[in-house]
Amino acid sequence: MDDTSRCDEWYHTQCVNVSDVEIDLVDQFMCPPCVKRPCNPELRTTWKRRCQFGLKHENPSSPSACHKPCRGAFSKYCSDECGIKSMQQRISEWENSGGKREVLWEVVKNAEKREGIVVRADFVKPLTLVTNGSRPEERRASRPDAAGKRRVEWEIGRLNVQLEEVVTEREMVKREMDTVLWREKVVDLAAERAEYVDQCGWDQRLCFGEEEWVDFGAEVLESYEEKGERTDEAMQVDGSSAHCEWWCTGKKKCERHAGWQKLRTAEVSFDKEMTEGILLKLTTREREIRKRIEDILYPQTSQTVQSPRLNGRSS
């Protein structure tokens, strides 16, 4: 069974068209009645990103395929086991198409972390030169200068692709952080209002996701600025009134929403800590890539020029 994130009702998975193997992929479940209410904004069930190994299965919808969510922003697999199986499968397919495992190993053995995926490998046959019966000599088909220039261009292109991916992901995580900060603000305001009106004060809008926050975030905060004018109004539970109010007017220790302040505060704090950690890693990674690009393009500026010393001291 699955519980909705909005009205605390429980549903059989088959009753809401969710298979048992997909239950782990549900991020925030919204039941059909909540979705169909005209007073609610565009609510919908959200899903976690599925493990890439399961998606690449010959029959992704079968129970034998992996249906677990991937491990956040830094992995497209649910576990190391699935990641290893996926790479083994890709290597086997490459071997079946005529590739050699030994050649692949020579190409990737010195690769840095997350850079060991071979997209294409070109091999230039060396030229054999015979001079007056002497021993044949081998040299590359291209000049060293041209080959070095191509390597630099290839490396810069590869780093720019990585940089673009990191920047895009960082912007996405920053938007997620904005949503977390908005939720933190609403939790504080809702708890403050609950004390002010001596009621439960649970606010259904705490379940809003990123899209709802973009569309209605400002209005939610404005509704709390007007709390002084609204304390005498009849606020119904869970949007059941014609005016679609958001706050629960039950007793301060409401059985239906017992302890919501502590639960939501802990949840927001956890999400905030996790998102800050991801942002820090992405920012560090972005700086590292930019530094590597700068070192390749301007190697002379990366070397520290020291002034001559006189009597053991710098002049």
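Our subject in this report is the structure included herewith.

Procedures and definitions
Residues numbered from 1 in each chain as written. Predicted model: local features only at pLDDT ≥ 70, side-chain atom pairs only at ≥ 80, totals over all residues. Heavy atoms only, no water. Core = buried A, V, L, I, M, F, W, Y, C linked by side-chain atoms within 4.5 Å. Buried < 20%, exposed > 50% of the residue type's maximum accessible area, 1.4 Å probe, protein only. Helix = DSSP H or I, 4+ residues; strand = E, 2+ residues; numbered from the N terminus. Contact = heavy atoms within 4.5 Å. Polar contact = N/O pair within 3.5 Å; in protein donor to acceptor, adjacent residues only side chain to side chain. Patch = residues over 30% accessible without salt bridge, like charges linked within 9 Å, V, L, I, M, F, W, Y side chains within 5 Å. Areas by Shrake-Rupley, 256 points an atom, 1.4 Å probe, with all protein chains shown as cover. Salt bridge = Lys/Arg side-chain N within 4 Å of Asp/Glu carboxyl O. Lys, Arg positive; Asp, Glu negative; His and termini not counted. Charge placed at Lys NZ, Arg CZ, Asp CG, Glu CD. Phe/Tyr/Trp six-rings, centres within 6.5 Å; stacked < 30°, edge-to-face > 60°. Lys NZ or Arg CZ within 6 Å of the ring centre and 35° of its normal. Disulfide = S-S within 2.5 Å.

**Details of the nonpolar core**
Most often, soluble globular proteins keep nonpolar side chains buried together rather than apart. With 32 residues, the main nonpolar core has Trp202, Tyr224 and Trp260 as its most contacted residues. Every element with two or more residues in this core is listed here: helix 5 (144–197), helix 6 (210–225) and helix 8 (260–297). By residue number, the principal contributor to this core is helix 5, which donates 13 residues. Here Trp260 is in contact with Ala190, Ala191, Ala194, Cys200, Gly201, Trp202 and Leu206, once residues within four sequence places are set aside.

**Quick word on the side chain of Asp203**
Here Asp203 shows up in the loop between helix 5 and helix 6. Asp203 gets classed as buried once you look at its relative accessible area, which sits at 0%. Looking at Asp203, its side chain comes within polar contact range of the side chain of Arg205, at 2.9 Å. Here Asp203 is in contact with Val186, Ala190, Tyr224, Trp246 and Trp247, once residues within four sequence places are set aside.

**Brief notes about a positive patch on the surface**
Taken together, the side chains of Arg49, Lys56, Lys76 and Arg90 make up a positively charged region of the molecular surface. Mapped onto the fold, Lys56 is located in the loop between helix 2 (52–55) and helix 3 (80–96).

**A closer look at the packing of aromatic side chains**
Overall, the coordinates contain 4 aromatic pairs when judged by the stated rule. Pairing Phe208 with Trp246 gives two aromatic rings, centres 5.9 Å apart and planes at 85°, and the pair type is edge-to-face. In this pair, Phe208 is assigned in the loop between helix 5 and helix 6 and Trp246 in the loop between helix 7 (227–230) and helix 8, connecting sequence segments 38 residues apart. Using a relative accessible area of 15% as the deciding quantity, one classes Trp246 as buried. Cluster of aromatic residues (ring-pair linked, three or more members): Trp182, Phe208, Phe216 and Trp246. The ring of Trp247 carries Arg193 above its face, with NZ or CZ at 4.3 Å from the centroid. The ring centre of Trp247 lies 4.9 Å from the NZ or CZ of Arg205, which sits over that ring.

**Brief notes about unusual backbone geometry**
Even without glycine at this site, Asp198 takes up a positive phi of about 60°. Relative to the helices and strands, Asp198 is located in the loop between helix 5 and helix 6.

**A few points about the environment of Glu153**
By the element assignment, Glu153 lies in helix 5. Through-space distance from the C-alpha of Glu153 to that of Leu297 is 9.8 Å; in sequence the pair is 144 residues apart.

**Quick word on the state of the cysteines**
Enumeration over the complete set of coordinates arrives at 0 disulfides. Just so you know, Cys51 is unpaired, no disulfide at all, and the nearest cysteine sulfur is the one on Cys78, 3.9 Å from it. Assessed through its relative accessible area of 0%, Cys51 is described here as buried. The thiol sulfur of Cys82 is not disulfide-bonded, and the nearest other cysteine sulfur, from Cys78, lies at 3.6 Å. Residue Cys82 is classed as buried on the basis of its relative accessible area, which comes to 9%.

**Looking at the pattern of salt bridges**
The final tally for this structure, using the stated rule, is 15 salt bridges. The salt bridge partner of Arg101 is Glu95, with a shortest N-O separation of 3.0 Å. By relative accessible area, which is 44% here, Arg101 ends up partly exposed. Two residues, Arg183 and Glu267, come together in a salt bridge whose shortest N-O distance is 3.0 Å. Here Arg183, found in helix 5, pairs with Glu267, found in helix 8; they are 84 residues apart in sequence, far enough to count as distant. Residue Arg183 is classed as buried on the basis of its relative accessible area, which comes to 12%. Judged by relative accessible area, Glu267 falls into the partly exposed class, the value being 33%. One salt-bridge network, held together by shared partners, links Arg183, Arg264, Glu267 and Asp271.

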